[in-house]
Amino acid sequence: MPNTPEPPDTPEKLDGRSLDLRAQRLDALKAVLPEAFDLDGNLVQDKLLAALEPVSYEATDDIPTFGLGWPGKQQAFAAAGVPTTATLRPAPDESVDFDTTQNLLIQGDNLEVLKTLQRSYHGKVKMIYIDPPYNTGKDFVYPDNYGEGLDTYLKRTQQKDEDGFWTSTNSETSGRKHANWLSMMAPRLTLARNLLRDDGVIFISIGEDESANLRLLCDEVFGSENFCNTLAVEMSTTSGPKTVNAQQGTIVKNIEYVHVYKKSLQFESNPRTPLFDSIDAYDTHYSIWMHEDGTLGSLSEAMMHNDLVRKDVKKFGFEKNGKFSIKNMDKLFAVSETAKAFVKENLSKIASVDRPPVSAEGESPEFGRWETFEADHRVYYLTRLENGKLRALMPLAMNYRTSDDYRPRFGRTVIRGDLWKGFHQDMGNVAKEGGLSFENGKKPIRLISQLGKWATLQKDDIMLDFFAGSGTTGHAVMAQNAEDGGNRRYITVQLPEPLKDKKNNCIQVTLDDGVVCETIFDLTRERLKRAGRKIKAEAGLNAEKLDTGLRVFKLDSSNFTAWNGDPAPSEGELFERLEKLADHTVPGRSESDILWEMLLKMGLPLDLKLEQFTVEGAPGVHFIGVNDRTRVVSTQPAIPVAAFEALLDTPPEEGGPPAELVVLDSAFEDDTARANVATLYRQRRDEDGKPLCNLKVV
Ligand SMILES: C[S@@+](CC[C@H](N)C(=O)[O-])C[C@H]1O[C@@H](n2cnc3c(N)ncnc32)[C@H](O)[C@@H]1O
């Protein structure tokens, strides 16, 4: 997203057409009856009639349901529930460390991709960050055709038409601007919610065009009780061309928003890490001096007892009748390094007055003295005010730490609230981040890192971004792992949207190492590769353990012909069919394509590390082992019945689930072999009649 659109730098064009009388009348009507129009600016007959009804002040039960409505809403939500037959095909040539990495980049329309991930990642993702198109009218909004989502996508990606295959922006004049955008977001958010863990959280960046609508949509999808907050992120200052507009009275844009929703209350029972901003001014509430003998004095007195500080107080003219007033602390700090050093050395002795813990009621510190009190694994310093009230003392040490600012500083800090200042400084450098530029709303790494820090992304949690753009999220995850030795993983999804110039012509971009990019997806991949290489090179001793690889998958039609072109089946039918499928694989698909589709549809994660092995008694049959209990035979034809016998004899683990064998239908030599294996399968049962080894046929 353009973060904050700049004022136009060319004069506006005059409209050469004659006056549009209808538009003029509608404008006049809108001026007196705005309530008769929907959010997209269309006149709604019912609303018009309702607005002209005689006013009644009598209470009525006939109140329409409160909430967000738009044309196409029902269809949009229903779209989330239509299962897809699509698959994700591995692209090892475009990957880095394909066999070992746990980081994923998926090319495709995110609605279809989110559907393909439902089995494998249901309830597994700790944090989602997305930065969708802000619907400024200039950005591309993918037009879903729900009945044939995958088909539309494939046609667009595989047959370049004269428009350059993706042309549509969602302009105001379409009369469906907001409705289209909401219909695009609703099913995606619904599917995203399913992927979140119960203690998970989603962050959504948005501009003012859709911020209010998105809030209401999220209330519906995630539940208003799960709304955490909306962050206001300072992305620019009023400078440059904005100054001129501001001087003319326009309130120019400086902020973007991030809506934050948790999956459930469980998010709150997990640790969250507060963020801190530095503050330069001295907070004069910190004026109490805690003497070691348990008595209390003032900071200004203690400062005057220090020869060096007293000298500076005198030298800079802050001494009055041999005393120093704390009110002058800021001014003294501005000129005296000695005073600053004195405070820094005595952080644990300087304090302000705070509320005492409830459990301290009944303790008996005296006025003018302090004493310690322990509760909840913490030490409190208690005192009593002159009026007898119990209070805790807050040592300055608690507020001195390294800030989370653009340039982290050690010093006094305040806990950050919902105002996230200073990201305009990152924006100055953002073009260079990741080693390539991306003009479609690239976000600073620090923003995503800090969201992850607050959400307390643990060492091997998954972070998902299904509007990946230049891949900042993946970059932030790798950078965080490099910093603390974590093993967090990322899943990023990006459409192969063609790169375009300002005149909307498709272009190619050649990167400094000669790699040619035609789509945004190409840029995402290249940035993640570059970021990974750089992070690894700078990681020193930790480089070995650090996963900076990238496993690429691409959305495509199923490898099994029987699945393609079918009207979408219900979920039940889909998996019933999976069991019955014959060996019709699409020509040109590789063994690896088929294997990964089998794994995906079994609900196994896409970051699996696979091994090839054989089993005693089944010579010549090569398996892909997902682990030592799950064995998949992908394209290998004609497994002898004797080999099946050995495989089905795999005993279950003590107390554990049975082993699993997954084969293609073509693995049977013929119908007789299929019938014989079926008999064997019925025989190999434990005392309760359960199979020793589960056989699944694809
Ligand atoms: C604003 S950009 C994200 C920028 C990103 N946060 C960054 O730091 O680079 C939004 C991205 O979403 C992509 N996108 C839009 N619709 C999509 C869809 N249906 N599926 C996948 N990606 C989509 C666009 O191509 C664009 O790259």
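Caption draft 1: How the structure looks around the overall build of the protein. A count of helices and strands for the protein gives 21 helices and 28 strands. Buried positions account for 48% of the 698 residues belonging to the protein. Taking as baseline every contact in the protein between residues at least 6 positions apart, the subset at least 24 positions apart corresponds to 72%. With the model as given, the accessible surface of the protein reaches about 35,600 Å², and the carbon-plus-sulfur share is 50%.

Caption draft 2: Highlighting the packing of aromatic side chains. Summed over the entire model, instances satisfying the criterion amount to 15 aromatic pairs. Clustering of aromatic rings is evident, with ring pairs tying together F98, F553 and W596. For K30, the ring lying beneath its charged end belongs to F37, and the centroid distance is 5.2 Å. If you follow R215 out to its NZ or CZ, it ends over the ring of F227, 3.6 Å from the centre.

Caption draft 3: Region of the structure containing the nonpolar core. Ranked by size, the top nonpolar core spans 69 residues in total, and within it L189 and L606 carry the most contacts. For this core, the element with the highest residue contribution is helix α6 (residues 177–195), accounting for 10 residues. In terms of domain composition, this core takes at least three residues from each of domain 2 (103–269 + 459–497 + 520–554) and domain 4 (563–697). Once residues within four sequence positions are removed from consideration, L606 is found in contact with L88, L104, I106, L117, Y121, R551, F553, W596 and L600. L231, W420, I445 and L457 belong to the second largest nonpolar core, which has 37 residues in total.

Caption draft 4: Representation of the site of the ligand in the model. The immediate surroundings of the ligand are formed by 22 residues, with D131, S470, T472, Q494 and E497 found nearest. At a separation of 2.8 Å, a nitrogen atom of the ligand approaches a polar side-chain atom of D131. In this structure, the ligand is accommodated by the largest cavity. A per-class count over the shell around the ligand returns eight nonpolar, eight polar and six charged.

Caption draft 5: Up close: the sheet that holds strand β16 (residues 400–402). Taken in spatial order, the three strands line up as β7-β17-β16 in an open sheet, and their pairing is antiparallel. Each edge of the open sheet is held by one strand with a lone partner, namely β7 (276–278) and β16. Ignoring strand direction, the axes of neighbouring strands in this sheet form an average angle of 70°. Two strands pair when backbone bridges link them, and β16 and strand β17 (residues 410–415) are joined in this way by three bridges, in the antiparallel orientation. Looking across to β17, one finds that T402 is bridged to F410.

Caption draft 6: A look at the pattern of salt bridges. Scanning the model with the defined rule gives 39 salt bridges in all. Residues joined by salt bridges that share partners form a network here, namely E94, D512, D513, D522, R525, E526, K529, R530 and K554.

Caption draft 7: Molecular detail of the sheet that holds strand β15 (residues 390–395). If you walk across this open sheet you meet the six strands as β9-β8-β12-β15-β14-β13, and the pairing is antiparallel. Edge positions in the sheet fall to β9 (296–298) and β13 (371–375), since each has one partner strand and no second. The average undirected angle you get between the axes of adjacent strands in this sheet is 50°.

Caption draft 8: Spotlight on the pairing of strand β20 (residues 489–494). The buried fraction of β20 amounts to six of the six residues, a majority that puts the element mostly inside the structure. Side chains of β20 alternate between two faces, with R489, I491 and V493 and Y490, T492 and Q494 buried alike. As paired strands, strand β2 (residues 104–107) and β20 are joined by four bridges and run parallel to one another. Residue L105 lies in a different strand from β20, and its bridge partner there is T492.

Caption draft 9: Inspection of helix α15 (residues 445–455) at higher detail. Taken across its 11 residues, α15 has eight buried, putting it largely inside the fold. For α15, the set of buried residues is I445, R446, L447, I448, Q450, L451, G452 and A455. Count one or two residues on from α15 and you reach T456, which has phi positive near 55°.

Caption draft 10: Looking closely at the packing of α6 against helix α7 (residues 211–222). α7 packs onto α6 with a crossing angle of 35° between their chain directions and a minimal axis gap of 10 Å. Pair α6 / α7 crosses with right-handed handedness. Taking contact as the criterion, the partners of H178, W181, L182, M185, A186, L189, T190 and R193 in α6 are, on α7, N213, L214, L217, C218, V221 and F222.

Caption draft 11: How the structure looks around helix α21 (residues 671–683). Between its first and last C-alpha, α21 extends 19 Å over 13 residues, near the 18 Å set by a 1.5 Å rise per residue. Of the residues making up α21, those classed as buried are A673, V677, L680 and Y681. When α21 is viewed along its axis, its buried side chains cluster within an angular range of 100° and face the same direction. Looking at α21, the residues exposed on the side facing more than 90 degrees away from the buried face are D671, T672, R682 and Q683. Looking at the buried residues of α21, the elements they touch are α20 (641–648) and β28 (693–697). For α21, the side-chain oxygen to backbone nitrogen distance between the N-cap and T672 is 3.2 Å, and the N-cap itself is D670.

Caption draft 12: Region of the structure containing the pairing of strand β12 (residues 350–354). With two bridges joining them, strand β8 (residues 288–290) and β12 adopt antiparallel strand pairing. Across the sheet, W289 pairs through a bridge with I350, a residue of β12. Pairing geometry for β12 and β15, over four bridges, is antiparallel. Each bridged residue has a counterpart across the sheet, and for D354 the counterpart in β15 is A392.

Caption draft 13: Broad picture of the layout of surface pockets. There is about 610 Å³ of room inside the second largest pocket. Taken together, the elements giving at least two residues each to the lining of the second largest pocket come down to α15 and α16 (472–484). When its residues are assigned to classes, the lining of the second largest pocket shows nine nonpolar, nine polar and 10 charged.

Caption draft 14: Geometry of empty space enclosed by the protein. Going through the model one piece at a time under the given rule, you end up with three cavities of 30 Å³ or more. Its volume calculated, the largest cavity comes out at about 420 Å³. Of all the secondary-structure elements, those providing two or more residues to the lining of the largest cavity are α6 and β20. For the lining of the largest cavity, the class distribution of residues is 16 nonpolar, eight polar and eight charged.

Caption draft 15: How the structure looks around the side chain of K126. With respect to the secondary-structure elements, K126 resides in strand β3 (residues 125–130). Residue classification places K126 among the buried residues on the basis of a relative accessible area of 2%. Reaching out from K126, the side chain makes a polar contact with the backbone oxygen of D199 at a distance of 2.8 Å. Discounting residues that sit within four places of it in the chain, K126 has contacts with L196, R197, D199, G200, V201, F267, N270, A455, T456, L457, D461 and I462.

Caption draft 16: View of the confidence of the model for the protein. For the protein, per-residue confidence averages 86 on the pLDDT scale, and residues scoring 70 or more make up 88% of the total. Throughout residues 1–16 the model reports pLDDT below 50, and contacts reaching past four residues in sequence, or to other chains, amount to 25 contacts. Note that residues 565–569 has pLDDT below 50 and, in this model, seven contacts with residues that lie over four places away or in other chains.

Caption draft 17: Up close: the packing of helix α11 (residues 307–315) against helix α13 (residues 337–345). With their axes 8 Å apart at the nearest point, α11 and α13 run at an angle of 140° to one another. Classified by the angle their axes make, α11 and α13 are oblique. Of the two elements, α11 crosses α13, and the hand of that crossing is left-handed. The segment α11 lies against α13, with L308, V309 and D312 engaging T338, A339 and F342. For the contact of α11 with α13, the per-class residue count stands at four nonpolar, one polar and one charged.

Cut-offs used in this document
- Every residue gets a number counted from 1 within its own chain, in the order that chain's sequence is written.
- In view of the model being predicted, local features appear only for residues whose pLDDT reaches at least 70, and side-chain atom pairs are presented and counted only at 80 or more, with totals across whole chains, interfaces and linings using the full set of residues.
- Excluding hydrogens and water, the side-chain figures rest on all heavy atoms present in the structure.
- Every helix listed is a DSSP run of H or I at least four residues long, and every strand listed is a run of E at least two residues long, numbered separately from the N terminus.
- Residue exposure (1.4 Å probe, protein chains only): buried if accessible area is under 20% of the type maximum, exposed if over 50%, otherwise partly exposed.
- Every residue pair with non-hydrogen atoms within 4.5 Å of one another is taken to be in contact.
- All accessibility values rest on the Shrake-Rupley procedure with a 1.4 Å probe; residue burial counts only the protein chains present in the view.
- Only Phe, Tyr and Trp rings take part, Trp by its six-membered ring, and two of them pair if their centres are within 6.5 Å. Stacked means planes under 30 degrees apart, edge-to-face means over 60, and tilted covers everything else.
- Note on criteria: charge over ring means Lys NZ or Arg CZ within 6 Å of the ring centre, with the direction from the centre no more than 35 degrees off the ring normal.
- The criterion is simple. A nonpolar core is a set of buried Ala, Val, Leu, Ile, Met, Phe, Trp, Tyr and Cys residues joined through side-chain atoms within 4.5 Å.
- Domain start and stop positions are those given by an automatic or database domain assignment.
- Put simply, a residue is near a molecule or strand once any heavy atom of it comes within 4 Å of that molecule or strand.
- Pairs of N or O atoms are called polar contacts if they sit within 3.5 Å, as long as, within protein, a hydrogen donor faces a hydrogen acceptor (for residues adjacent in sequence, only side-chain-to-side-chain pairs).
- Here a cavity denotes grid points, spaced 1 Å and computed from the protein atoms alone, that fit a 1.4 Å probe unable to get out, and a pocket denotes an open set having protein on both sides within 12 Å along at least 5 of 7 lines; residues with an atom within 4 Å of a point are the lining.
- Molecule-in-pocket calls rest on the fraction of atoms, with more than half required to lie within 2 Å of the cavity or pocket grid points.
- Each residue is assigned to one of three groups, with Ala, Val, Leu, Ile, Met, Phe, Trp, Tyr, Cys and Pro labelled nonpolar, Asp, Glu, Lys and Arg labelled charged, and all others, Gly among them, labelled polar.
- Strands were regarded as paired on the criterion that DSSP finds at least two bridges between them.
- To get an axis, fit a line to the C-alpha atoms, keeping to the stretch in contact for a helix; angles then go from 0 to 180 degrees between the N-to-C directions.
- Take a side-chain nitrogen of Lys or Arg and a carboxyl oxygen of Asp or Glu: if they are within 4 Å of each other, that pair is a salt bridge.
- Each crossing gets its handedness from the near helix: less than a right angle anticlockwise from the far helix is left-handed, clockwise is right-handed.
- By this rule the span expected of a helix is its residue count minus one, scaled by 1.5 Å.
- Arc, as used here, means the arc of the directions from the helix axis to the C-beta atoms.
- Grid points are joined across faces, edges and corners, and a volume is the space filled by probe spheres set on the points.
- The quantity called pLDDT is the predictor's confidence in a given residue, expressed from 0 to 100.
- An angle below 35 degrees is treated as roughly parallel, one above 145 as roughly antiparallel, one from 65 to 115 as roughly perpendicular, and anything else as oblique.

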